[in-house]
Amino acid sequence: MTRSSTERADTTAGIGGSPIRPDGALKVKGEFAYSSDLWAEDMLWGATLRSPHPHARITAVRIGKALALPGVHAVLTHDDVPGRNRFGLEHADQPVLAEDVVRYQGEPVAVVAADHPETARRAAALIEVDYDVLDPVTDPETALADGTPALHPDGNLVRHVRIRRGDPEPAAPVVVTGEYTVGMQDQAFLGPESGMAVPAEDGGVDLYVATQWLHVDQRQIAESLGVPQEKVRITLAGVGGAFGAREDLSMQVHACMLAMHTGKPVKFVYGREESFFGHVHRHPAVMRYEHGATEDGRLVYVRARILLDGGAYASTTSAVVGNAATLGVGPYEVPNAHVDAFGLYTNNPPCGAMRGFGAVQACFGYESQMDKLAAALGMDPVDLRVRNAVREGSTMPTGQVIDSAAPVAELLRLVRDKPMPAPVGDAEGVADPRELPGGVSNTTRGEGVRRGVGYGVGIKNVAFSEGFDDYSTARVRLEVIGGEPVVSVHTAAAEVGQGLVTLQAQIARTELGVHQVTILPADTAVGSAGSSSASRQSYVTGGAVKAACEAVRAEVLAIAADVLPAGGELYLNGGKVIASTGEAVADVAALLGDRVVEHTVEWRHRPTQPLDPATGQGNAHVQYAFAAHRAVVDVDTELGLVRVVELACAQDVGRALNPQAVVGQIQGGSAQGLGLAVMEEIQVVGGKVVNPSFTDYLIPTILDMPPMPIDVLELADPHAPYGLRGVGEPPTISATPAIVAAVRAATGAALTRIPIRPEHVVFTTVEDGGHSS
Amino acid sequence: MEFLRPASLTEALEAKAAHPDATPIAGGTDLMVELNFDKRRPSALLDLTGVAELAEWDTDGGSGGDPGGDPGGDTVRLGACVPYSRIIGELGGRLPGLAMAARTVGSPQIRNRGTVGGNLGSASPAGDAHPPLLAAGAAVEAASTRGSRRIPAAEFFHGPKRSALAADELVVAVHLPVATGPQQFSKVGTRNAMVIAVCSFSLALHPETGAVGTGIGSAGPTPLRAEDAQLFAAAELEGRWEAPGPLPDSVLRRFGELVAAAAKPIDDVRGTAEYRRHALAVLARRTLTWAWDDYRTGSWSRCA
Ligand SMILES: Cc1cc2nc3c(=O)[nH]c(=O)nc-3n(C[C@H](O)[C@H](O)[C@H](O)COP(=O)(O)OP(=O)(O)OC[C@H]3O[C@@H](n4cnc5c(N)ncnc54)[C@H](O)[C@@H]3O)c2cc1C
């Protein structure tokens, strides 16, 4: 489509531009209303009593003292759950409030509503619960073993996915094996779980909440409240980060129960420590890999066994296992693959969705192996990767053929060929301490510091897989207000900070040629948009908005064709109907008058297939996305402290709908990957979290983040709206192994566990194994 | 909860005597975290931020806070409520070890609020002000309506979060000798800023007496001095002060070993005992190298 010169303004605010985010300035200034800021005049405050034990039998719950506290309006237990006392994204296995058994530390046992948050907390502390403490199952290997008590009726296995491709007993001249461990990462969003439920006159409830997927919340809440779904109306409240942690329910049912019980609005805001118990985390993993290759570095086979600790409840473990298995050999051509991925129940904290979703853990395993293989072959690690890289037309271990761009080799070359960052320090070698490992803590002036360079490349599926009916709904309306054409877009898609509100408006501007676009609050008055996860919203909700706009446009152009002299194709731009000559032939406002054009479209990406249960074969994924990183690190080899000097990334995004948002996603994803590499871990001992605070759960600060040179490729995917490829997750996946590889290169340490701790570096350093530059 | 807001030191001490269970609050950077996490529920708070006497420093040569003049003097009396940012800005020359430690505390916001009085009040083994106080041979001035006393820093810490302070006492000030030689502070954390110490070490050289001071943080139930290491270093430096050359590697290593041996670390979420000992040996070796090099080359000075 050609655009007339009068449309410059709309172009920068449409697809391919980076218009200013409506929430940006508010967030920077602290004026954005988050879900924790919700307020109603007569509201009550909720509080939750949680189990202190990772595994125990509840023998009695006495609420009398709590109820007697002045200011307390309700104390509810599992007996008061009106509907089904179970919820869960894939298996409804988790009680709203514990009945006879608690299966993890922090499991909700009772909830309280009171007229003051402090009163509510004190009342919760007055509830008496008698526990028979049971031995927790804390090791995933044990969970799978015979004789281990079953934590759920069907045993401790949530899912086992087998991938069988090629020769079942392959052999190769060069073989490397390794065992790798991934610690439990937290999403570490800054806005704690919060929301407010308001009882409605029709016996239903209106819930305002920070979440990722309104309709899946609605379905689960309605089932637990025992009311029809339409009696639970949800509006998205301001979301302070998500990263997967808001896909499962937290306080939603509790607030609704208390609101319906008391007849008053009830608000919950978790504290920081409580938040660590209030959401699922990234699955810890233990992985065994065996890679076989020819002498000239062609992969012959990969065998992998991946154990993912799902913790006490299933959450999205099944899908995480599916990803770890199907993406388990990475973006490489592997003729013979034998992968077993298991998801297990234990009494550890429940694990579920987090950015990268199963692909992160596997990538640390296969990329560590690729480096090990390169060393065994005496090959350059990038050359080895390039030699085996998938490309368009390659077959995955599931048998699925990659049918759009897969520029893995090019991404690797891009990061490899970037100029190397200079050594730190001035001409005399004197460096600002902030540039050295240890940073402002003044631990080195260069003593013991060695530089290392490492690479990582990863693969991620975009959108929901394995035959899931994955769709989004958009309602788009065009009308004339005050003489101007105005578009409103209504979806239930959750803006979780990724910039989806901005993007929807860009799409509407591009499709309808109308500058003024309003994005209505996301709520359940419109159909499901699916989850803001799996890097899918630009694709699926973007696709739905585009399709609804197209329907609106078609109707407007049909109206125009009726009144205009026939001839040529028409399009919309700058609030005008434009003829194929480029001439404006009608004004949209004049054309429509009082007429409102509105279309609601339910839009699906092309269907996927389930995996064959015996062989794991099937076209399970919609789209693959790739990113590569090069990490340059300085390591204080004597203290084991790491400073990432530079983190270069190259990623193919198909089409950068909003280039600034794309780069933001890559920077943020890389930061989360850096966190997993060198600091972020929920430490669990005997089923108990020992660091539930930002004092000891460390996330990278501005002084930990290095410069990030970024290359964005735009190789359109013909199957996707605008050719786009999901952006959010790939950079999280490859950053981690690149950094670990760089630390290995600097130190010679084996580093088979992430996050790397200083003692891992210090006590395994092999003096002359490192390359320094 | 009662909120007491004395306007003078006398009022503060009277309030503390009248309400021994009132919890003092200075910068609030420790206490507010404890209140927010519901770890403490004091019946009353005693706000020290309105007490002007606590918010100043001076020397026995004159009073501080005059940016132009150098009042001279041998000892700094540092008011309990002087925040870290002022220590960094105003006392880097006189108290280099403490100022270096102050630079590593938290973030700019925390350094604007947090105080040495609060660090001592919390008496955490991880408090970053403590090692330089030990290394410098500082004394804590505690006061109550009964009178005031000076507690040597080495006797102040009694256990994790326990100190020599009596229930009716406040920390009023810390007395530190003005540095006569190079001082150092280093801390290990797993993040490049805003991190609680996995372990830390402070060193002070006292050329005029030939003594060497040390302080170990986060590697024992209390901050510690490495006394054998101090004596060893002092003995090794004897005779070198006049014609200083580089220290032999064997001396640096032995010093490191003795510092590591003085630590009493445990395994916890921040690190293992084994790593802490190892890291302390490294920090001790490096800081002694830096301090001695600064002494040899004359590159240390009070305006550092
Ligand atoms: C984000 C963050 C980062 C931090 N980083 C560090 C760090 O890197 N290193 C570090 O050492 N600490 C750190 N801290 C802890 C804290 O900032 C320091 O311990 C600080 O010195 C406390 O001083 P304050 O004035 O804020 O104390 P407050 O919180 O006001 O008081 C702390 C305790 O001391 C008592 N107290 C205060 N003043 C007196 C007095 N004059 N006499 C008797 N008792 C008194 C109080 O009753 C309370 O028990 C950090 C804290 C936060 C929140």
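Quantities reported herein were computed from a predicted structural model and do not represent experimental measurements. (Residues numbered from 1 in each chain as written. Chains lettered and ligands numbered in written order. Predicted model: local features only at pLDDT ≥ 70, side-chain atom pairs only at ≥ 80, totals over all residues. Heavy atoms only, no water.)

Draft legend 1. The arrangement of the sheet that holds strand β2 (residues 23–25) of chain B in detail. Residue and element names in this part refer to chain B. An order of β1-β3-β2 is seen for the three strands of this open sheet, with the pairing classed as parallel. Of all the strands in the sheet, just β1 (2–4) and β2 have a single pairing partner and so form its edges. The average angle at which neighbouring strand axes cross in this sheet is 30°, direction not considered. The pairing of β1 with strand β3 (residues 44–47) spans three bridges and is classified as parallel. Note that in β3 the partner of F3 across the bridge is L45. (Pairing = 2+ DSSP bridges. Helix = DSSP H or I, 4+ residues; strand = E, 2+ residues; numbered from the N terminus. Axes fitted to C-alpha atoms, helices over the stretch in contact; angles between N-to-C directions.)

Draft legend 2. Local environment of the sheet that holds strand β4 (residues 101–102) of chain A. Residue and element names in this part refer to chain A. Taken in spatial order, the three strands make up an open sheet running β4-β2-β6, and their pairing is antiparallel. Each edge of the open sheet is held by one strand with a lone partner, namely β4 and β6 (128–133). Where strand β2 (residues 56–62) and β4 come together, two bridges link them in antiparallel fashion. Counted as the bridge partner of R57 is V101 from β4.

Draft legend 3. Here's a closer look at the UniProt feature "domain: Aldehyde oxidase/xanthine dehydrogenase a/b hammerhead" (unreviewed entry) in chain A. As annotated in UniProt, the feature "domain: Aldehyde oxidase/xanthine dehydrogenase a/b hammerhead" (unreviewed entry) corresponds to residues 29–135 of chain A in the numbering used here. Structurally, residues 29–135 of chain A is divided into 15% helix and 32% strand, and its ends, taken at the C-alpha atoms, are 49 Å apart. (UniProt positions renumbered as here; feature names shortened; annotations may be inferred.)

Draft legend 4. Region of the structure containing the pairing of strand β14 (residues 211–217) of chain B. All names here are of chain B. In terms of burial, β14 is a largely internal element, six of the seven residues being buried. Across seven bridges, the pairing between strand β13 (residues 199–206) and β14 is antiparallel. Bridge assignment links F201 to a residue of β14, and that residue is I216. The antiparallel pairing of β13 with β14 creates a hairpin that spans four residues between the two strands, and G210 there sits at a positive phi of about 80°. (Buried < 20%, exposed > 50% of the residue type's maximum accessible area, 1.4 Å probe, protein only.)

Draft legend 5. Spatial organisation of the packing of helix α10 (residues 359–377) of chain A against helix α11 (residues 381–388) of chain A. Residues and elements named next belong to chain A. Running from amino to carboxyl end, α10 crosses α11 at an angle of 110°, the nearest separation of the two axes being 9 Å. Comparing the axis directions of α10 and α11 gives the class roughly perpendicular. In this structure, α10 crosses over α11, and the sense of that crossing is right-handed. Contacts from E367, M370, D371, L373, A374 and L377 in α10 reach P381, L384, R385 and N388 in α11. For the contact of α10 with α11, the per-class residue count stands at six nonpolar, one polar and three charged. (Parallel < 35°, antiparallel > 145°, perpendicular 65-115°, else oblique. Left-handed = near helix turned anticlockwise from the far one by under 90°. Contact = heavy atoms within 4.5 Å. Nonpolar A, V, L, I, M, F, W, Y, C, P; charged D, E, K, R; others polar.)

Draft legend 6. Representation of the interface of chain B and chain A within the structure. Listed as interface residues are 32 residues of chain B and, on the opposing side, 41 residues of chain A. A buried area of about 3100 Å², summed over both sides, lies between chain B and chain A, and 51% of it is on carbon and sulfur atoms. The three residues of chain B that bury the most area against chain A are B:R191, B:N192 and B:R286, which together make up 26% of that side's buried surface. One can count six salt bridges joining chain B with chain A. When the shortest N-O distance is used, the salt bridge between B:R270 and A:D696 registers 2.6 Å. Looking at the side of chain B that touches chain A element by element, the count peaks at ten residues for helix α11 (residues 273–297) of chain B. (Buried area = accessible area lost by both parts, 1.4 Å probe. Salt bridge = Lys/Arg side-chain N within 4 Å of Asp/Glu carboxyl O.)

Draft legend 7. Geometry of the site of the ligand. Residue and element names in this part refer to chain B. Contacts to the ligand come from 34 residues, most closely from P24, T29, Y84, T115 and D128. Take T29: an N or O atom from its side chain is 2.6 Å from an oxygen atom of the ligand. Here V171 contributes a backbone N or O atom positioned 2.8 Å from a nitrogen atom of the ligand. Against a free-state accessible area of 980 Å², the protein chains account for coverage of 90% of the ligand. At the level of elements, β2, α2 (31–36), α6 (116–122) and β11 (170–177) are the ones that each hand at least two residues to the shell around the ligand. Ranked by residue count, the leading element in the shell around the ligand is α6, at five residues. Along the lines of polarity and charge, the residues of the shell around the ligand split into 16 nonpolar, 14 polar and four charged. (Near = heavy atom within 4 Å. Polar contact = N/O pair within 3.5 Å; in protein donor to acceptor, adjacent residues only side chain to side chain. Areas by Shrake-Rupley, 256 points an atom, 1.4 Å probe, with all protein chains shown as cover.)

Draft legend 8. Expanded view of the nonpolar core. With 92 residues, the main nonpolar core has A:Y289, A:I306, A:F626, A:I739 and A:V743 as its most contacted residues. Here this core gets ten residues from one element, more than from any other, and that element is α10(A). (Core = buried A, V, L, I, M, F, W, Y, C linked by side-chain atoms within 4.5 Å.)

Draft legend 9. Here's a closer look at unusual backbone geometry. Residues and elements named next belong to chain A. That bond from I754 to P755 is cis: its omega, -5°, falls within 30 degrees of zero. Residue placement: P755 occurs in the loop between β29 (753–754) and α18 (758–762). Non-glycine residue A463 carries a positive phi angle of around 70°. By the secondary structure assignment, A463 is in the loop between β16 (449–462) and β17 (471–481). Despite not being glycine, A534 shows a phi value in the positive range, around 55°. Relative to the assigned elements, A534 resides in the loop between β19 (517–519) and α14 (537–563). The exposure class assigned to A534 is buried, which follows from its relative accessible area of 13%.

Draft legend 10. Layout of helix α6 (residues 214–225) of chain A. Residues and elements named next belong to chain A. Along its twelve residues, α6 runs 16 Å from first to last C-alpha, staying within 8% of the 16 Å computed at 1.5 Å per residue. Among the twelve residues in α6, ten count as buried, and that is most of the element. Buried-residue contacts for α6 involve β10 (205–209), β11 (232–236) and α7 (252–262). Two residues or fewer after α6 comes G226, characterised by a positive phi angle close to 70°. (Expected span 1.5 Å × (residues − 1).)

Draft legend 11. Representation of the packing of aromatic side chains. All names here are of chain A. Tallied over the full model, the rule gives 16 aromatic pairs over all chains. Ring centres 6.4 Å apart and planes at 75° place the aromatic pair W213 and F468 in the edge-to-face group. In this pair, W213 is assigned in the loop between β10 and α6 and F468 in the loop between β16 and β17, connecting sequence segments 255 residues apart. Among the aromatic side chains, those forming a connected cluster through ring pairs are W213, F464 and F468. A cation over a ring is seen here: K27 above F32, with NZ or CZ 4.7 Å from the ring centre. Directly above the aromatic system of Y722 lies the positively charged group of K546, at a separation of 5.1 Å from the ring centroid. (Phe/Tyr/Trp six-rings, centres within 6.5 Å; stacked < 30°, edge-to-face > 60°. Lys NZ or Arg CZ within 6 Å of the ring centre and 35° of its normal.)

Draft legend 12. Region of interest: the pattern of salt bridges. Per the counting criterion, the structure on display carries 60 salt bridges over all chains. Residue A:K65 is joined to A:E128 by a salt bridge in which the shortest nitrogen-to-oxygen separation is 3.0 Å. Residue A:K65 is found in helix α3 (residues 64–68), and its partner A:E128 is found in strand β6; the two are separated by 63 residues along the sequence. The class for A:E128 is partly exposed, based on a relative accessible area of 28%. The shortest N-O distance in the salt bridge between B:D47 and B:R5 comes to 2.7 Å. Placement of B:D47 in strand β3 and of B:R5 in the loop between β1 and α1 (9–18) is noted, with a sequence separation of 42 residues between them. In this structure B:D47 comes out as buried when scored by relative accessible area, which is 5%. What makes B:R5 exposed here is its relative accessible area of 52%. Counted as one network, the salt bridges with shared partners bring together A:E118, A:R121, A:R122, B:D38 and B:R41.

Draft legend 13. A look at the domain arrangement of chain A. All names here are of chain A. When its domains are assigned, chain A resolves into domain 1 (24–32 + 471–604), domain 2 (35–135 + 192–239 + 246–278) and domain 3 (285–464 + 612–768). Centre-to-centre, using C-alpha coordinates, domain 1 lies 38 Å away from domain 2. Contact with domain 1, which involves 16 residues of that partner, is made by 15 residues of domain 2. Counting each side, the surface lost to burial between domain 1 and domain 2 is near 1200 Å², with a carbon and sulfur contribution of 56%. Three residues stand out in domain 1 for area buried against domain 2, namely F32, T524 and S531, and they jointly supply 37% of the buried area on that side. Where domain 1 meets domain 2, there are eight residue pairs in polar contact (both at pLDDT 80 or more). Broken down by class, the residue content of the side of domain 1 that touches domain 2 amounts to seven nonpolar, seven polar and two charged. (Domains from an automatic or database assignment.)

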